[in-house]
Amino acid sequence: MESSNRVRKPHVVAEIGGNHRGSVETAKEMIMIAAQFCKADVVKFQKRTPRECLSEAEYNAPHPNSDNSYGHTYGQHREFLEFDLDTHKQLKEHCEQFSITYSTSVWDMTSAREMAGLNPKLIKVPSACNTYFEMMDVLCGDYGGDIHVSLGMTTHQEEEEIVEYFRRKGRAKDVVLYHCTSGYPVEAKDLNLLEIPRLAKAYGDIVKGIGYSGHHLGIAADVAAFTLGADWAERHFTLDRTWKGTDHAASLEPDGLRRVVRDLRAVALALQTKKQDILPVEAVQRKKLKWDRNRSK
C-alpha cells in the first residue's frame, strides 16, 4: 500500500461491446445511462471487419450457440452487430454530449486504421489480438492516444514480448495492461487477482498503468482488484442480462455498474493514512469518551 496520502483515482470503463444488439438508439441510450446514472468514466465499443477477422469457413459456419445468434451464419451474426465508421463518429459525439469518454477495441488492420483516424482518448487491444503486432504497428504509428491491452489467454513470455514491443516502439508509457481471465462468466476461483500486484511489480515502472477487466458475477472482485493495484476497472455493461447474446450473462446492469463506481470511489478515499494523530471527527469523541487519568483525580 502506498505510504503517501495521494488518493488513487479509479477509472471505470463500461464495455458496451455488442450489447447494443445492433441498435444505434440502444447504444446511445446505454451511453446516456452509463454517464448520468452509473457515473462511469469511459464507455467502450468494439470494431471488427468480419471478412478480415474470419476465414471463409468461419464466416459461413453457424454460430456455436444458435440461441444467441443474430444471423444465419457466424459471419452474418458479426456483421449484424457491427457499426460503420460514421456511426462510431456519431457515438463519439454522443459521448461528448454526456461528458463521458468514448473508446473502442479493434480486432483487425482495417478497424485499427479507422479508429486511429477517429482519434479517441484510448483504444483497446483485446486479449485475442495482443500478439497481433502488425495491427499494433498501425496503432503505434498512426495513433497518439493511450493503448489499453488485455492479457487474457496470454503466457508470461507473451506478456514480456508485448511490453518489450511497446518499449521498442517508444510507446510503453502510453500503455495500460489489464489482468483478465477470458471466460463468460468466470467463477471466483478463476479470477486470480493476485496477478495484479505481479503485473504491477514486473511492469509498473515501465507502462502507464495497470487495470482489471472482469467477466465475473457480482461486484466484490472489482474492489479487491483496486486495492491490489488496478486503477482501471472494466466491466461488460448491458441494460438487461436476459437479452440475447453471449456477453449479457457476464455483464452488469445499470444499478450494478453504478454500485461498482460508487464503491471504488469510496474505497479510493478510504485508502489513506492518518494526516494527524487525532482526526477532527475523533476530537469530540475523545473529549467525551477517552479515559483521562487527570480527570479521575
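Just above sits the structure.
To start, this report covers the structure provided alongside it. Quantities reported herein were computed from a predicted structural model and do not represent experimental measurements. (Residues numbered from 1 in each chain as written. Predicted model: local features only at pLDDT ≥ 70, side-chain atom pairs only at ≥ 80, totals over all residues. Heavy atoms only, no water.)

The terminal C-alpha atoms of helix H8 (residues 156-168) lie 18 Å apart, and with 13 residues this matches the ideal 18 Å at 1.5 Å per residue to within 8%. For H8, the complete set of buried residues consists of Glu159, Ile162, Val163, Tyr165 and Phe166. The arc that holds every buried residue of H8, seen down its axis, measures 155°, which confines them to one face. In H8, the exposed positions that point more than 90 degrees away from the buried face belong to Gln157 and Arg168. In this structure, the buried residues of H8 make contact with helix H7 (133-142), strand E5 (146-150), strand E6 (175-180) and helix H9 (195-203). Note on H8: the residue one or two positions beyond its end, glycine 170, has a positive phi of about 75°. (Helix = DSSP H or I, 4+ residues; strand = E, 2+ residues; numbered from the N terminus. Expected span 1.5 Å × (residues − 1). Buried < 20%, exposed > 50% of the residue type's maximum accessible area, 1.4 Å probe, protein only. Arc of directions from axis to C-beta. Contact = heavy atoms within 4.5 Å.)

A few words on the pattern of salt bridges. A side chain with one charge can pair with a side chain of the opposite charge if their charged atoms come near. Counted under the stated rule, the structure contains 22 salt bridges. Linking arginine 265 and aspartate 41 is a salt bridge whose minimum nitrogen-to-oxygen distance equals 3.3 Å. Residue arginine 265 is found in helix H11 (residues 254-270), and its partner aspartate 41 is found in the loop between helix H1 (24-36) and strand E2 (42-47); the two are separated by 224 residues along the sequence. Owing to a relative accessible area of 31%, arginine 265 belongs among the partly exposed residues under this scheme. For aspartate 174, the salt bridge is made with arginine 171, and the minimal N-O distance between the two is 2.6 Å. Owing to a relative accessible area of 21%, aspartate 174 belongs among the partly exposed residues under this scheme. Assessed through its relative accessible area of 8%, arginine 171 is described here as buried. Among the charged side chains, a network of salt bridges with common partners joins Glu15, Lys44, Lys124 and Glu234. (Salt bridge = Lys/Arg side-chain N within 4 Å of Asp/Glu carboxyl O.)

Counting buried positions over the seven residues of strand E1 (residues 11-17) gives seven, a clear majority of the element. Side chains of E1 alternate between two faces, with His11, Val13, Glu15 and Gly17 and Val12, Ala14 and Ile16 buried alike. In the sheet, E1 pairs with strand E8 (residues 232-236) via five bridges, with the strands oriented parallel. Each residue of the ladder has a partner; that of glutamate 15, found in E8, is histidine 236. Across four bridges, E1 lies against E2 in parallel orientation. Of the residues in E2, the one forming a bridge with alanine 14 is valine 43. As for the winding sense of the linkage, the β-α-β connection from E1 through H1 to E2 is right-handed. (Pairing = 2+ DSSP bridges. Right-handed = clockwise from strand over helix to strand, strands pointing away.)

Read these as spatial facts, not as claims about activity.
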